[in-house]
Amino acid sequence: MNYKFFPHTEEDRKQMLEKSGVSSLDELYADVPEAIRFKGDYDLPEAKSEIELREYLHALTQLDAPLTVFAGAGCYDHYAPSIVQNLIERSEFLTSYTPYQAEISQGTLHYIFEYQSMMAELTGMDISNASLYDGATATAEAVMMAFSAAKKATKVLVSETLDPKTRRVVDTYAHFHGIDIVSIAQKDGVTDRDDLQQKLAEGGVAGVVVQAPNYYGIIEDFTGMADAIHEQKALFIINSVAADLAVLKTPGEWGADIAVGEGQSLGIPMSFGGPGIGYMCCTEKLIRKMPGRIVGMTKDSRGQRAFVLTLQAREQHIRRQKATSNICSNQSLMALYVTIYLSVMGKQGLREAAELSYSGAHELYDKLIATGYFKPRFDQPFFNEFCLTYDGDVDKLQQECAEWGYMAGVKIDEHTIMFAVTEQRTPDEIDDLVDSIIEINTQA
């Protein structure tokens, strides 16, 4: 058999066992209890030829029924120009690793620098890092930044309108760093200002986390919130869907100290849930607290423009509890994807995509209400995502819509369903979804 790698030979195994101070693999795994050891035969298929393997994999792809997506909750079906996929598939991008040697990594460092510049402009903030794993970990890292920047405060307030998936990641990070996460109540789908003021007045707050648009798709008004938070010497953290910032007020305009969120909405395919990209931007005074990489532009000895990793040494991420963060990697390929997408779309393209998403969502909202099967869940402004109350069986409705070829929203609770619309959804698709729902309820 031709291997694309060299498997271990018997001599290799013997040398490794000797180095480990044991004489056999059984002795190496002696500490593993017999009761949990697997003693059966592995259920592995027979070897296949290339043609057989291709046919088998093609058959597997046919098991996935493609659905027209009217769901979001953090992952959105946006369009990306074909040039994006073609460019990122170049071998130098797909196979590149880490740009520690700046002299041979100028291309990678250059596009990361451009990514940082674009994300800083999109969020209205001073500084961007080179990206993080996803929006949830970026938010958790922002909480740790607030905790690190505070002198004695140990509490971080988190609005109940934050995506529950993100909240669980925040809770996990906080638990192991001694940070006390306190919820801010929601009222009619938005952050309760009275509850926020009360919890701020109690003192000991390092930061406050809100989301815009929030988990329910509602556009919250944060007027005056930054002043109230800063009066208590706390940091204001806003989690946003990146694409929505093309038309909505930016975190910088709201007076945020840290802007974080998921960048998947910037053209990255849904791909059954990943990969995405976490963005993080902040004010200049917090740059030394920021996790991950930062790429800077300088001049080399010949006076030519050059790009380098700056301000942070790798050791800053590997000093365990003393580290700014233990994240020393970034979603570089996805950062390149976002960079090309933003370059190709431009400001006008981003705005048009956002406006189409907005108008499509409001059209679907009105038509679903008109069916008589849905009622508004919240009386609040929304962007491209909204919640409706459905008196019937939400699970059954979604299952039957899937049989019609539609992913009909995300179930929020027993009688609440959240729909999302992007610029990919056409008026005909919106009408067909509504007709399908009417037909399903008529037959019930």
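Look above for the structure.
Notes on the structure in this doc start here. All values reported here derive from a predicted model rather than from experimental measurement.

Some remarks on helix H8 (residues 164-175)
Note: α-helices contain 3.6 residues per turn, so residues at a spacing of three or four share the same orientation.
Logical step 1: Between its first and last C-alpha atoms H8 spans 16 Å; for 12 residues at 1.5 Å apiece the expected length is 16 Å, and the two agree.
Logical step 2: Here H8 has its buried residues at Thr166, Arg167, Val170 and Ala174. Along the axis of H8, the buried positions cluster into a sector of 100°, meaning they face one direction only. For H8, the exposed residues set more than 90 degrees away from the buried face come down to Arg168 and His175.
Logical step 3: For H8, the capping residue at the N-terminal end is Asp163, with a side-chain oxygen 2.9 Å from the backbone nitrogen of Lys165.

A few points about the sheet that holds strand E16 (residues 410-413)
Logical step 1: Spatially, four strands are ordered E13-E14-E17-E16 in an open sheet, and the strand pairing comes out antiparallel. The open sheet has two edge strands with one neighbour each: strand E13 (374-376) and E16. Averaged over all pairs of adjacent strands, the angle between strand axes in this sheet comes to 40°, irrespective of strand direction.
Logical step 2: Helix H12 (residues 332-370) rests against E13, strand E14 (385-390) and strand E17 (416-420) of the sheet, and its axis sits at about 10° to E14.

Brief notes about the environment of Phe272
Logical step 1: Relative to the elements of secondary structure, Phe272 occurs in the loop between strand E9 (258-262) and strand E10 (278-282).
Logical step 2: A relative accessible area of 80% means that Phe272 is categorised as exposed.
Logical step 3: On a C-alpha basis, the gap between Phe272 and Cys75 in space is 9.4 Å, while along the polypeptide they are 197 residues apart.

Details of the layout of surface pockets
Logical step 1: Empty space within the largest pocket amounts to approximately 810 Å³.
Logical step 2: For the lining of the largest pocket, the elements supplying multiple residues, two or more each, are helix H7 (135-149), H8, strand E8 (235-240) and E9.
Logical step 3: Looking at the lining of the largest pocket residue by residue, the class counts come to 16 nonpolar, 16 polar and seven charged.

Rules of the game
Sequence positions are assigned chain by chain, starting from 1 and proceeding in written order. In keeping with the model being predicted, local features are shown solely for residues with a pLDDT of at least 70 and side-chain atom pairs are shown and tallied solely at 80 or more, while totals for entire chains, interfaces and linings include all residues. Here the side-chain values reflect all heavy atoms present in the structure, with hydrogen atoms and water set aside. In this description a helix means any DSSP run of H or I spanning at least four residues, a strand means any run of E spanning at least two, and both kinds are numbered starting from the N terminus. Take the number of residues in a helix, subtract one, and multiply by 1.5 Å to get its expected span. Relative accessibility decides the category of a residue: with a 1.4 Å probe and only protein chains considered, values under 20% of the type maximum give buried, values over 50% give exposed, and everything between is partly exposed. This arc is taken over the directions from the axis of the helix to the C-beta atoms. Polar contacts, as counted here, are pairs of nitrogen or oxygen atoms within 3.5 Å of one another; within protein the pair requires one atom able to donate a hydrogen and one able to accept it, and residues that are adjacent in sequence qualify only if both atoms are side-chain atoms. Strand pairing follows a simple DSSP-based rule, namely that at least 2 bridges must link the two strands. Only C-alpha atoms enter the line fits that serve as axes; for helices the fit covers just the stretch in contact. Angles between N-to-C directions range over 0 to 180 degrees. Should any heavy atoms of two residues lie within 4.5 Å, those residues are counted as being in contact. Buried and open spaces are told apart on a 1 Å grid over the protein atoms alone, a cavity being a set of points where a 1.4 Å probe fits but cannot get out and a pocket being an open set with protein on both sides within 12 Å along at least five of seven lines. Residues with an atom within 4 Å of a point are the lining residues. Grid points are joined across faces, edges and corners, and a volume is the space filled by probe spheres set on the points. Gly is placed with the polar residues, together with every amino acid not listed as nonpolar (Ala, Val, Leu, Ile, Met, Phe, Trp, Tyr, Cys and Pro) or charged (Asp, Glu, Lys and Arg).

Honestly, it's all geometry; don't read function into it.
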